[in-house]
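So you can see what is in the structure, the chains are spelled out below.
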Amino acid sequence: MLAAARAVEYLRRLQHPRGSWSDFMVAVGTSDAWVTGYTGTALAMAAAADHLDPAVRKAAAEGADAAADWLLSVIGPRGAWGYHGGVAPDADSTAWAVRLLAARGRAIPESALTFLAAHESDGGYRTYNDVSRTRRWSQPTPDVTATALLARHEAGQLDRTELASAFIRLIAPWQRPPGRWTSIWWAEDGYATTTALEAWVAAARPGLTPVPAPVRAPQTAFGHALWLHSLTLTGATADPLPLLDAQRPGGGWPGDAELLVPDPSGGGLTERSIDARGIFTTATALRALLVAAPPQADRTPPPPERILGYDQVIGTVAADLGIDPDRAVAAFRELTRESLAAPAPWPTAQLSGLAGGLPVELSVTDGTPALRYTVEVGDPVLPAFPRAVSGLYAIGRAAELLGFGESWSRARPAIEAMVDPSLPVPEGCRFWVWAGVDADTNGNEVLKIYLSALHHDLADGRAFHRVATALQRLGMPPSAPALAAFARLESAGFCQELGIGLGRDGRLGAKVYYELPGWQPDLVAAVLADAGLPADPSPLVPRIPGVLTEQVAATHRAGIMLRVGLPSGAVTEVSSASAFMRPMIGHTEIARRVGDWLGSTGDRRAYDAVARRLLPRWPDKTGRLHSMFTRAYSGDAARTTVYLRPAFPTLD
């Protein structure tokens, strides 16, 4: 079964080095323990499948064992598992962890089985047992009930007779016409139906002869997998071809499992989330294929495709600005070959901190018109370090295309100081490597590399140390004049990232980015003085008439950036950054006010050209077309830059 083998390979490729997986970003964070238990159980099922190639079974067993090891290493103080380690344990997450441990023959903590038993009620198993606090989340559901019963059965705590009795009493009454079970946690009824039928089969099919049927035909890979699995469990005719046709060249399926977070007080929904990496969907498809798809039903995945809409945006904007569109699109495609491979997971804040979860952001200045953008690079679903390496390969390809091979080689030692495989970067890292291009009408081009200092991801207090090491590898002297300004900023905010600019003939540039809790004019004046520039913050004041005031900017996240001369180590430019507020007057009116402001500070042509192309895709007062703006000062003049987000293309 080539499809199942490719799925195993995909899940192993996305597995964190310590053995976990993570997916589904909600307000409390991204799940790891629950997703790891579920995905590890799918691999354990593959490891036990006699019809798979021995090498595939071995890879699946290794992945399942690594997942089991990780779960045992992070078990909570109550001897159970939760959505992730920072929230209370729950019966569903614990049940999937127990099922994995049982499948791999591991000793199961007695505390976990006691925890599961304590969640049984007259109507089934509760996800959470604290009824007074979690309210609706404590209602029994058939999917959690079935998974908990299967876990206790597979752990040897319930025999088949006891499982059958529990099925008739706690699961069968939940069946709904036309042969399905539903859950408060899932948009797709197939999930609850599949888990209920798994328990029914394990209990020797007691009490009813269900004929599962969805209310409507499944529209997602997740839905196809679940109903294929459900139909197969009852012996009904099941067609695996729609699921096989949805498999991607890399072996996975696009993440479209929709998790629901109901309002615990009993209202509607508070959140919806999908598995952006496709881990949960792929694990579900693997489980279905292992029970349903005969070898002759296999399919060869279609060749890789690409999200073309952003290529069109770049080409059109380049032409509007008087820049060669073919060369612009060629460089863009090299940078985004992996990140915009279809079906891309965008937009998703789970995978990217760029542009609110979009993979592209454009910027314009009030100077000479130029095409400027920043993009996600590399395969966005990989674990942190392989994803960063994938991104660096993309940047290397673009460097060769643009003729920056020499500067790329000179920058590599600095990049390696920032992208180090020994750093314990968590799987949820949303930014390690980005890239960008500046190209003007005179043929000048710069390839930009943005490297995260990992302040939040590692919380080890060494973010600036990593940046300083990289700067020294770029040629900055250990006693550089810029160090005084950096020391001042270290006491006021944190080092966020290092930007490296590549030019022709081996030329390199560097810029260091700091995040601050808000606009601080006294700090900016002091940094300007440290840089040997006039200690007057007025050229950098974050003020746009009718859009943002200096007083408001002081209460919101802000940034300050220092351009460092190489090899002198002097600060040659200081910039301030402020975020736009969420739109309350509509994008069109904001664009008019921003355009007028840029016209008063310099040249507004680039802004008008870009805004004209991006505005139609953003419904007024929806989303964030304008993200932030910066003001840069080098002692003789100030330059303004505005950042705009192109909406995710709905039509190619």
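These remarks concern the structure in this document. (Residues numbered from 1 in each chain as written. Predicted model: local features only at pLDDT ≥ 70, side-chain atom pairs only at ≥ 80, totals over all residues. Heavy atoms only, no water.)

**Some remarks on the overall build of the chain**
To keep things clear, this is the line we draw: The helix and strand labels rest on DSSP assignments: H or I over at least four residues marks a helix, E over at least two residues marks a strand, and numbering proceeds from the N terminus. Using C-alpha atoms as the atom set, the radius of gyration is obtained and then compared with a globule rule of 2.2 Å times the number of residues to the power 0.38. The buried label applies to any residue whose accessible area, calculated with a 1.4 Å probe on protein chains only, is under 20% of its type's maximum; exposed applies above 50%, and partly exposed to all values in between. For this analysis, residues touch if any pair of their heavy atoms sits within 4.5 Å.
If you tally the helices and strands in the chain, you get 23 helices and 18 strands. The C-alpha radius of gyration of the chain comes to 27 Å, within 12% of the 26 Å expected for a compact globule of 652 residues. Evaluated residue by residue, the chain yields a buried proportion of 57% over its 652 residues. The long-range share in the chain, meaning contacts at least 24 apart out of those at least 6 apart in sequence, stands at 70%.

**Some remarks on helix α20 (residues 521-530)**
Turning to α20, its buried residues are L523, V524, A525, A526, V527 and L528. Tucked into the core, α20 has its buried residues touching α19 (482-490), β14 (508-516), β15 (558-564), β16 (571-579) and β17 (626-633). Of the residues one or two after α20, G532 is the one with positive phi, at around 80°.

**Comments concerning the packing of helix α10 (residues 221-233) against helix α12 (residues 279-292)**
Operational definition: Between the N-to-C directions of two axes lies an angle of 0 to 180 degrees, each axis being a line fitted to C-alpha atoms and, for a helix, fitted only over the stretch in contact. Oblique is the label for any angle not covered by the other classes, which are roughly parallel (under 35 degrees), roughly antiparallel (over 145) and roughly perpendicular (65 to 115). Crossings are assigned a handedness: left-handed for a near helix turned anticlockwise from the far helix by less than a right angle, right-handed for a clockwise turn. Side-chain classes follow a simple rule in which Ala, Val, Leu, Ile, Met, Phe, Trp, Tyr, Cys and Pro form the nonpolar group, Asp, Glu, Lys and Arg form the charged group, and the remainder, Gly included, forms the polar group.
Contact pair α10 / α12: the axes reach a minimum separation of 8 Å and the direction vectors enclose 30°. Here α10 lies roughly parallel to α12, going by the angle between them. Handedness of the crossing formed by α10 with α12: left-handed. Packed against α10, whose contacting residues are A221, F222, A225, L226, L228, H229 and T232, the element α12 presents F280, T281, T284, A285, R287, A288, L289, V291 and A292 at the interface. Grouping the constituent residues of the contact of α10 with α12 by class yields 11 nonpolar, 4 polar and 1 charged.

**A few points about the sheet that holds strand β9 (residues 360-365)**
Rules: Two strands are counted as paired when DSSP detects at least two bridges linking them.
The strand order around the closed barrel built from 10 strands is β9-β10-β11-β12-β13-β14-β15-β16-β17-β18, with neighbouring strands paired in antiparallel fashion. Recorded for the sheet is a direction-independent mean angle of 20° between the axes of neighbouring strands. Taken together, the 7 bridges between β17 and strand β18 (residues 638-644) define a ladder with antiparallel strand orientation. Pairing of Y633 across the sheet is with A638, part of β18. Across the sheet, helix α15 (residues 384-402) touches β10 (370-376), β11 (433-440) and β12 (445-452), and the angle it forms with β12 is around 170°. Its contacts with the sheet put helix α22 (residues 587-601) on β17 and β18, and the angle it makes with β17 is roughly 10°.

**Concerning the packing of aromatic side chains**
For any two aromatic rings, the description comes down to two numbers: the centre-to-centre distance and the angle of the planes. What counts is decided by this rule: Aromatic contacts are taken between Phe, Tyr and Trp rings whose centres are within 6.5 Å, Trp giving its six-membered ring; a plane angle under 30 degrees counts as stacked, one over 60 as edge-to-face, and the others as tilted.
For the structure on display, the rule yields 25 aromatic pairs. For the pair F24 and W34, a centre-to-centre distance of 5.4 Å together with 35° between the ring planes defines the contact as tilted. Taken as a pair, F24 in strand β1 (residues 23-26) and W34 in helix α2 (residues 33-47) lie far apart in primary sequence, 10 residues in all. Grouping residues by exposure puts F24 and W34 together as buried. Seen from their ring centres, F24 and W186 are 6.1 Å apart, and the 75° between their planes marks the pair as edge-to-face. Residue F24 is found in strand β1, and its partner W186 is found in the loop between α8 (160-171) and α9 (189-202); the two are separated by 162 residues along the sequence. Neither F24 nor W186 differs from the other in exposure class; each is buried. Connected via pairs of aromatic rings, a cluster forms that spans F24, W34, Y38, Y83, W96, W186, Y191, F222 and F280.

**With respect to the environment of L402**
Within the element layout of this structure, L402 appears in helix α15. For L402, a relative accessible area of 3% corresponds to the buried category. As a C-alpha pair, L402 and G123 span 279 residues in sequence and 65 Å in three-dimensional space. What L402 contacts, discounting residues up to four positions off in sequence, is R327, A331, E445, L447 and R504.

**Some remarks on unusual backbone geometry**
In this model, A342 is joined to P343 through a cis peptide bond whose omega is -5°. Within the secondary structure, P343 sits in the loop between β8 (341-342) and β9. Geometrically, the link from W346 to P347 is a cis peptide bond, its omega value of -5° lying close to zero. Looking at the secondary structure, you find P347 in the loop between β8 and β9. Of note in this structure, L454 is not a glycine but carries a positive phi near 65°. Within the secondary structure, L454 sits in the loop between β12 and α17 (455-458). You can call L454 buried: its relative accessible area is 0%. With a phi angle near 50°, A459 is a residue other than glycine that sits in the positive phi range. The residue A459 is located in the loop between α17 and α18 (463-473) in this model. Owing to a relative accessible area of 63%, A459 belongs among the exposed residues under this scheme.

**Some thoughts on the environment of A33**
With respect to the element layout, A33 can be found in helix α2. Of the residues examined, A33 reaches a relative accessible area of 4% and is grouped as buried.

**Some details on the pattern of salt bridges**
Short version of the rule: A pair is scored as a salt bridge if a Lys or Arg side-chain nitrogen falls within 4 Å of a carboxyl oxygen belonging to Asp or Glu.
Here the structure, examined in full by the defined rule, presents 38 salt bridges. Taking the shortest distance from any N to any O, the salt bridge between D596 and R604 comes out at 3.0 Å. Overall, R604 belongs to the partly exposed group, its relative accessible area being 27%. Each of the salt bridges in this network shares a partner with another, and the network as a whole consists of E589, R592, R593, D596, R604 and D608.

**Quick look at the pairing of strand β13 (residues 494-502)**
Buried residues dominate β13, accounting for 8 of its 9 residues. Relative to β13, β12 runs antiparallel, the two being bridged by 6 bridges. Looking at the pairing, Y450 lines up with G499 of β13. Judged from the 8 bridges that link them, β13 and β14 form a sheet pairing that is antiparallel. Of the residues in β14, the one forming a bridge with F494 is E515. The turn joining β13 and β14, which pair antiparallel and follow one another in sequence, is formed by 5 residues; a positive phi near 60° is taken by D505.

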